Amino acid sequence: MSNAKGDRRERELVNELDDAGFAVMRAPASGSATERELPDVLAGDGETFYAVEAKSSAGDPIYLDGEEVEALVYFSRNFGAKPRVGVRFDREDWYFFHPGDLHRTDGGNYRVKKETALSDGTDFAEFTGQSEKVTLDEVGDGGGGDGPDERVVNVLEAVERGDVSVEEAAAMLDE
């Protein structure tokens, strides 16, 4: 990723976090501007504080240097923040991972594939406390039977396939 694109993506994340009610700043010395390893973004809402290393890609897997991730964890521990790696693939939203949940390569670096971000990452709404991710396996029993409400499962599967939007699904379930 070019520095200009990376800078633009970091500013975008800062603006989105600000809009979500977080006090947020882009670390002025992130990257190569200093000898100290600092995260790209610091954000807090008065209760939860994050140190975020932000990465983006056009579609290729995102790789992080092992030392970069170790520095994020070290800074976060000393600062009192939760370390997170924020990834954004073109035409997708931001997804967040705890460094311990990232795939570690044989060379000691870290990798996030687009498919992994979409399936396992914490999306922006959940990251900022605006919603909670619910998987099909976690859908509760809504019909008094032994399993999940079949109607709810069908609607969620339709969302997962892209047949209906989240808004349309919510409207269907409110009926």
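Attention in this report is confined to the structure presented alongside it. Predicted model only: the values in this text are computed from it and were never measured.

A look at a negative patch on the surface
A grouping of Glu37, Asp65, Glu67 and Glu70 is seen on the molecular surface, where their side chains present a negatively charged patch. One can find glutamate 37 in the loop between strand E1 (23-26) and strand E2 (41-44).

Things to note about the nonpolar core
The biggest cluster of nonpolar side chains holds 17 residues, and the ones touching the most others in it are Val87, Phe97 and Ala117. For this core, the secondary structure elements donating two or more residues are strand E4 (62-64), helix H2 (66-79), strand E5 (82-89), strand E6 (94-97) and strand E8 (110-112). Not counting residues within four places of it along the chain, the set of residues in contact with alanine 117 comprises Val87, Phe89, Tyr95, Phe97 and Val112. Residues Phe22, Val41, Ala43 and Tyr50 belong to the second largest nonpolar core, which totals 13 residues.

Description of the sheet that holds E4
Strand order in the open sheet formed by three strands is E4-E8-E7, and the pairing between neighbours is antiparallel. Two strands close off the open sheet at either side, each with one partner strand: E4 and strand E7 (103-104). The strands touched by H2 are E4, E7 and E8; relative to E4, the strand with the most contacts, the crossing angle is about 70°.

Considering the side chain of arginine 84
Looking at the secondary structure, you find arginine 84 in strand E5. Lacking a salt bridge, the buried arginine 84 has aspartate 101 as its closest oppositely charged neighbour, with an N-O distance of 7.1 Å.

Procedures and definitions
Residues numbered from 1 in each chain as written. Predicted model: local features only at pLDDT ≥ 70, side-chain atom pairs only at ≥ 80, totals over all residues. Heavy atoms only, no water. Patch = residues over 30% accessible without salt bridge, like charges linked within 9 Å, V, L, I, M, F, W, Y side chains within 5 Å. Areas by Shrake-Rupley, 256 points an atom, 1.4 Å probe, with all protein chains shown as cover. Salt bridge = Lys/Arg side-chain N within 4 Å of Asp/Glu carboxyl O. Lys, Arg positive; Asp, Glu negative; His and termini not counted. Charge placed at Lys NZ, Arg CZ, Asp CG, Glu CD. Helix = DSSP H or I, 4+ residues; strand = E, 2+ residues; numbered from the N terminus. Core = buried A, V, L, I, M, F, W, Y, C linked by side-chain atoms within 4.5 Å. Buried < 20%, exposed > 50% of the residue type's maximum accessible area, 1.4 Å probe, protein only. Contact = heavy atoms within 4.5 Å. Pairing = 2+ DSSP bridges. Axes fitted to C-alpha atoms, helices over the stretch in contact; angles between N-to-C directions.

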